[in-house]
Every structure is written in C-alpha cells, then in structure tokens.
Amino acid sequence: MTMIRDKSPRFPCAKARTTLLATLFGIGTAASVQAQDRTIAFFASISQNGLNQAMYQGMQDRAAELGVRTSLYDGQFNPGLQYSQLEDVVAGNQADAAVVFPIDSVGIAGAAAEMAAAGVPIVAMMFPIGPELDRLEPQVPGVVTTIGFSTVGTSVQQAEDVARHCADIDPCNVVVMVGRMVYPFDQLRFDAYASVLDQHPNIHLVATVEGNYDPSTALAVMEDVLQANREVHAVLSVADQHLIGVEIALEAAGIDVAPVYLSGAGGASIAIEAIREGRWDATVGGFPYTMGRIAVDAAIASLNGDTVPPVHDMEALAPLPTIIDRAILDAHPEFEAEWLQ
C-alpha cells in the first residue's frame with residue numbers, strides 16, 4: 001500500500017515534537033532499550049483512509065528508529081472484521097503489542113479483553129475502547145493508554161463556531177454531515193452538535209446526511225440536499241473529506257461558496273490550504289503522524305514494564321488550538337498538516 005507521506009523536510013519537525021513529548025512523559029529513552037524483536041500490529045479502521053495511513057506511517061518511521069517490526073490490518077470500516085482480526089492475531093501469537101483505531105469502541109472490547117488475557121498491551125488510537133465513548137482513560141483491561149481528543153468537547157466547539165456565524169442570520173440553515181450514523185462516534189458527534197444548535201431558535205437543521213468519509217459520497221448527498229434546500233448558510237461536518245464534495249456541489253449549483261460557513265475535522269492539508277485561501281472556515285486539528293509515533297513509544301514502554309500515561313490528550317499536546325481557522329493559521333504561517341485527506 002502506498003502511504004501519503006514521504007521523507008519530506010517537515011518530518012524532522014514532527015519527530016522533534018514527538019521526541020519532546022516522549023521525554024516529558026518519560027517513555028522515549030526507555031522505549032529504545034528493549035525494543036528488539038518486537039512486533040506492533042496496527043488495526044486500522046480502514047487502510048485506504050488518509051488519516052489511518054498517516055498514523056501507520058508515523059508508526060513505521062518510529063519503529064524503524066527503534067528496530068521494531070510493524071504489521072497492518074485493514075478493518076475496512078467493518079466492526080465484525082476488526083473484531084476477528086484481533087482474535088486471529090491473539091490466536092496466532094502474531095504481535096507483541098497492538099495499536100487499535102476502533103470502529104466500534106463498545107463492540108471491540110471483548111476482543112481487547114482476549115488480547116489482555118494473552119498479555120498483549122493495547123494502545124487505543126483516536127477513540128477509547130469501552131462503553132464510555134467520551135472517556136479517554138482506559139476502561140478495558142489491557143488498554144494501557146488512549147491517544148486522542150474528547151469527541152464531545154471538540155464537536156461542541158465546532159457547533160459553537162457555527163452558532164456564532166449564524167448569530168445575525170434568521171433563519172440560518174445548517175446541514176450536518178456525519179460519516180455514518182451506525183458508527184457510535186458519529187452518533188456521539190451528532191448529539192453534541194445538536195446540543196448546541198438546538199439552543200438557537202434561528203438555526204434550522206435542514207438536513208442530516210451521511211458522507212461515509214468519502215468526497216464522492218459527500219458530493220452526491222449534498223447535491224440532493226441542495227435540490228430541496230438551495231439556501232444553506234453553514235455545513236458542519238465530522239470530516240474534511242466531506243467538504244471536498246460539499247464545495248464541488250455548491251459550485252455546481254451556482255452558489256457562492258465564500259459566504260457559506262464550512263467546518264470540517266481532521267486538519268488535513270487540503271483543509272488547511274482551503275482555510276488559508278478563504279474557501280473553508282475551520283477544521284478540528286488532527287495530528288495522525290505524531291500520534292502514530294507516540295503509539296509506538298507507548299507500546300514499547302508498556303512491554304518494557306515502564307509507566308505509561310493513561311491518556312495522551314492531543315488537545316493539550318497539539319501545537320495549535322483544537323479548532324483551526326484563518327486567524328490561527330495567520331498566526332502560525334509555518335504550520336503544515338500531517339496528512340493529505
């Protein structure tokens with residue numbers, strides 16, 4: 001599989017930041033001591049997704065520095081498949097540690113428990129593993145740390161920005177685009193959006209649609225939305241990939257994109273460029289390459305018996321505020337995203 005990242009000049013900056021974080025948490029030096037002959041498996045939610053690819057590239061680069069092997073398992077956005085992949089790895093003794101980007105945080109807990117029983121430590125990536133979807137602290141035996149953001153917190157901040165945009169617009173027609181409502185975290189994000197938007201009588205939620213984290217799907221569903229609701233003032237999305245399709249749909253319909261508030265999530269390079277150019281308005285920052293590097297250090301530290309922080313809160317660790325907009329980027333002209341889209 002071809003990764004989206006290469007050995008570009010910006011990598012040393014990401015590596016330096018991660019090394020600093022590892023030193024602060026006391027895991028960087030210890031991780032390099034007993035890393036030989038270790039295999040760390042990455043259970044991607046879907047390997048074709050750029051965010052997952054950047055995470056795995058970060059893992060591979062850090063693992064190469066430590067002399068660690070990595071392996072990749074493609075969950076294909078299929079919770080049942082990901083569950084069986086964890087079981088198979090345990091049964092075949094194919095990994096010493098696991099990094100899991102959970103598709104179904106609640107459902108995967110059983111397989112995580114099997115890994116724990118086999119002595120395989122787990123690093124949860126992006127989302128926690130367990131029944132409490134917005135609690136980053138480990139909830140399942142064997143999960144040593146979670147690397148991610150508060151899903152509710154970041155979603156509320158997104159929605160509050162939309163509400164500010166809508167303050168002087170009545171009615172303010174808003175479209176919410178999730179990945180798929182069947183995914184627990186998409187439902188959680190939608191609920192967080194609604195908790196804010198419902199407080200403003202001038203805001204009309206004209207459509208809630210599923211973009212499936214795919215620009216083409218987002219384009220098609222946004223075209224359908226515009227046929228019924230041509231006047232849209234804001235699009236609030238859980239993914240930057242969606243806004244690619246949304247922007248195309250707006251332009252194809254002859255709608256001026258500039259006045260429409262477009263808010264995505266992921267901090268992809270395509271979003272950073274669009275915000276700098278004034279086409280989009282905001283994105284939730286994402287640092288998957290750095291997260292991948294931290295995950296390897298945390299996994300090796302756990303295998304070495306070292307103390308690992310139970311939470312790596314990327315909202316606190318990130319170099320920029322959670323919501324990245326034009327003002328933030330103007331203040332940080334050197335900033336570069338860690339993944340394409």
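Refer to the structure printed above.
None of these values were measured; they are calculated from a predicted model. (Residues numbered from 1 in each chain as written. Predicted model: local features only at pLDDT ≥ 70, side-chain atom pairs only at ≥ 80, totals over all residues. Heavy atoms only, no water.)

## Observations regarding the pattern of salt bridges
Inclusion rule: One speaks of a salt bridge when a side-chain nitrogen belonging to Lys or Arg is within 4 Å of a carboxyl oxygen belonging to Asp or Glu. Helix numbering and strand numbering both begin at the N terminus, where a helix is a DSSP run of H or I of at least 4 residues and a strand a DSSP run of E of at least 2. Only protein chains enter the accessibility calculation, which uses a 1.4 Å probe. A residue is then buried if its area is under 20% of the maximum for its type, exposed if over 50%, and partly exposed in between.
All told, the structure shown has 9 salt bridges when counted by the stated rule. For Asp330, the salt bridge is made with Arg326, and the minimal N-O distance between the two is 3.5 Å. Here the residue Asp330 and the residue Arg326 both occupy positions in helix 13 (residues 326-331), the gap between them amounting to 4 residues, near one helical turn. On the accessibility criterion, Arg326 (40% relative accessible area) is partly exposed. Residues joined by salt bridges that share partners form a network here, namely Arg62, Glu65, Arg293 and Asp297.

## Observations concerning the sheet that holds strand 5 (residues 143-148)
Note the following rule: By the convention used here, strands pair only if DSSP detects at least 2 bridges between them. Lines fitted to C-alpha atoms define the axes, with helix axes restricted to the stretch in contact, and inter-axis angles between N-to-C directions lie between 0 and 180 degrees.
The 6 strands are arranged 2-1-3-4-5-11 in an open sheet whose pairing can be described as parallel. Two strands lie at the open edges of the sheet, namely strand 2 (69-74) and strand 11 (311-313), each paired on one side alone. When the angles between neighbouring strand axes are averaged without regard to direction, this sheet yields 15°. As paired strands, strand 5 and strand 11 are joined by 3 bridges and run parallel to one another. The residue of strand 11 that forms the bridge with Gly148 is Asp313.

## Thoughts on the sheet that holds strand 9 (residues 261-265)
For clarity, the threshold we go by: Here, residues are in contact when the closest pair of their heavy atoms is within 4.5 Å.
Spatial strand order, 7-6-8-9-10-12: 6 strands in an open sheet with mixed pairing. The outermost strands of the open sheet, each flanked by one partner alone, are strand 7 (203-210) and strand 12 (323-325). Adjacent strand axes in the sheet meet at a mean angle of 20°, parallel and antiparallel pairs treated alike. Where strand 8 (residues 234-237) and strand 9 come together, 3 bridges link them in parallel fashion. Counterpart to Leu236 in the pairing with strand 9 is Ser263. Helix 7 (residues 184-197) rests against strand 6 (172-178), strand 7 and strand 8 of the sheet, and its axis sits at about 165° to strand 6.

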